[in-house]
Amino acid sequence: MTPPPADRADGGARANPDGRITRDVVLAAALELIDRDGVDGLSMRRLARVLGRDPMILYRHAPNKAALLDGVAETVLAQLKVDPTDPDWAVQLRAVARSYRALALAHPKVVPLLVTRPLATPLGLRPPGTLRPLEDVLALLTRAGFSGPDALHVYRALFGFLHGHVLNELQELIENPDETDDVLRLGLHRLPIREFPLLRSLAPALASYDGATELERGLDILLTGLTDLLTPAAAAPAAVGTVPVDDLQRGR
């Protein structure tokens, strides 16, 4: 079994410049470890080494690894800002989506936490910071005239799409970046041609994947469908796009 990478000598200095141990310091150091080595590379003992402290001190700020992972998710989601006073709900949701994608690309190894950690914790027991985007999106949409249940539908549709998008974008890896043939670049030549003919035929489209463009296209479809299906009671700006609702439903 390959041993975990050695901790950087300056990791503790960056995470804890004044030598004090606080919850924010612990979570910042944990995020740095996950960014570098993934969730499996995080342990209380390794985190204590990075911070230059006895592991028992960390338990004052996170009673176990599960709480630590929840805190890391909260730290990242705290950077996702929603303006509930924006008069154009569709424009604001588009900005939120772009911000979420940017966070995912900045912390790709944290994305599984953002997508899966909520499944392990009842809503009311999650860290408050992880619920702030939900509360603010609900405030934005109810202010725009949506009913509470419809606002919740919009939130679920948006973040369901975002989770799928970022997971899909992060798996679009190129095996041989310098190769000019798309099949070889993606490693599709390793697949049996008779079993995956359509996948191989789409090599040019797969190789030219543009995450930002795909996000905008998906948002056009999603926001247009939501506008058509869930009309707010108050007048609200319509989302940009012309995709019929039936097409949206077929693409779910």
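None of the values given here were measured: they were computed from a predicted structure. (Residues numbered from 1 in each chain as written. Predicted model: local features only at pLDDT ≥ 70, side-chain atom pairs only at ≥ 80, totals over all residues. Heavy atoms only, no water.)

Undergrad: Quick rundown of the packing of aromatic side chains? Include the residues and the values.
TA: Inspection of every chain in the model, using the stated rule, returns 3 aromatic pairs. A centroid spacing of 5.0 Å and a plane angle of 85 degrees characterise the contact between Trp89 and Phe146, whose relative ring orientation is edge-to-face. Residue Trp89 is found in helix H6 (residues 89-106), and its partner Phe146 is found in the loop between helix H8 (128-143) and helix H9 (148-170); the two are separated by 57 residues along the sequence. Judged by relative accessible area, Trp89 falls into the buried class, the value being 0%. (Phe/Tyr/Trp six-rings, centres within 6.5 Å; stacked < 30°, edge-to-face > 60°. Helix = DSSP H or I, 4+ residues; strand = E, 2+ residues; numbered from the N terminus. Buried < 20%, exposed > 50% of the residue type's maximum accessible area, 1.4 Å probe, protein only.)

Undergrad: Outline the packing of helix H2 (residues 23-37) against helix H3 (residues 44-51), supporting the account with residue identities and numerical values.
TA: Their axes nearest at 10 Å, the elements H2 and H3 cross at an angle of 110 degrees. With respect to H3, the axis of H2 lies roughly perpendicular. Between H2 and H3 the crossing geometry is right-handed. Residues Val25, Val26, Ala29, Ala30, Leu33, Arg36 and Asp37 of H2 form the contact with H3, whose own contacting residues are Arg46, Leu47, Val50 and Leu51. Within the contact of H2 with H3, the residues separate by chemical class into 8 nonpolar, no polar and 3 charged. (Axes fitted to C-alpha atoms, helices over the stretch in contact; angles between N-to-C directions. Parallel < 35°, antiparallel > 145°, perpendicular 65-115°, else oblique. Left-handed = near helix turned anticlockwise from the far one by under 90°. Contact = heavy atoms within 4.5 Å. Nonpolar A, V, L, I, M, F, W, Y, C, P; charged D, E, K, R; others polar.)

Undergrad: Break down the pattern of salt bridges for me, with residues and values.
TA: One pass over the structure, following the stated rule, counts 9 salt bridges. For the salt bridge of Arg94 with Asp220, the shortest nitrogen-to-oxygen distance reads 2.8 Å. Here Asp220 lies in helix H13 (residues 211-229) and Arg94 lies in helix H6, a separation of 126 residues in the sequence. On the basis of relative accessible area, Arg94 is assigned to the buried category, the value being 13%. (Salt bridge = Lys/Arg side-chain N within 4 Å of Asp/Glu carboxyl O.)

Undergrad: Now, about the nonpolar core: what can you tell me, with residues and values included?
TA: Counting residues in hydrophobic clusters, the biggest one holds 56 residues, and the most contacted among them are Leu47, Leu68, Trp89 and Leu93. For this core, the secondary-structure elements that each account for two or more residues are H2, H3, helix H5 (65-77), H6, helix H7 (111-116), H8, H9 and H13. (Core = buried A, V, L, I, M, F, W, Y, C linked by side-chain atoms within 4.5 Å.)

Undergrad: With reference to specific residues and values, describe the side chain of His107.
TA: Among the structural elements, His107 can be located in the loop between H6 and H7. Side chain to side chain, His107 and Asp35 meet in a polar contact 2.9 Å long. The residues contacting His107, other than those within four sequence positions of it, are Leu31, Asp35, Val76 and Gln79. (Polar contact = N/O pair within 3.5 Å; in protein donor to acceptor, adjacent residues only side chain to side chain.)

Undergrad: So what's going on with the environment of Val96? Which residues, and what values?
TA: Locating Val96 in the fold gives a position in helix H6. On a C-alpha basis, the gap between Val96 and Leu158 in space is 9.7 Å, while along the polypeptide they are 62 residues apart. With near-sequence residues (within four places) excluded, Val96 lies in contact with Leu80, Lys81, Val82 and Phe159.

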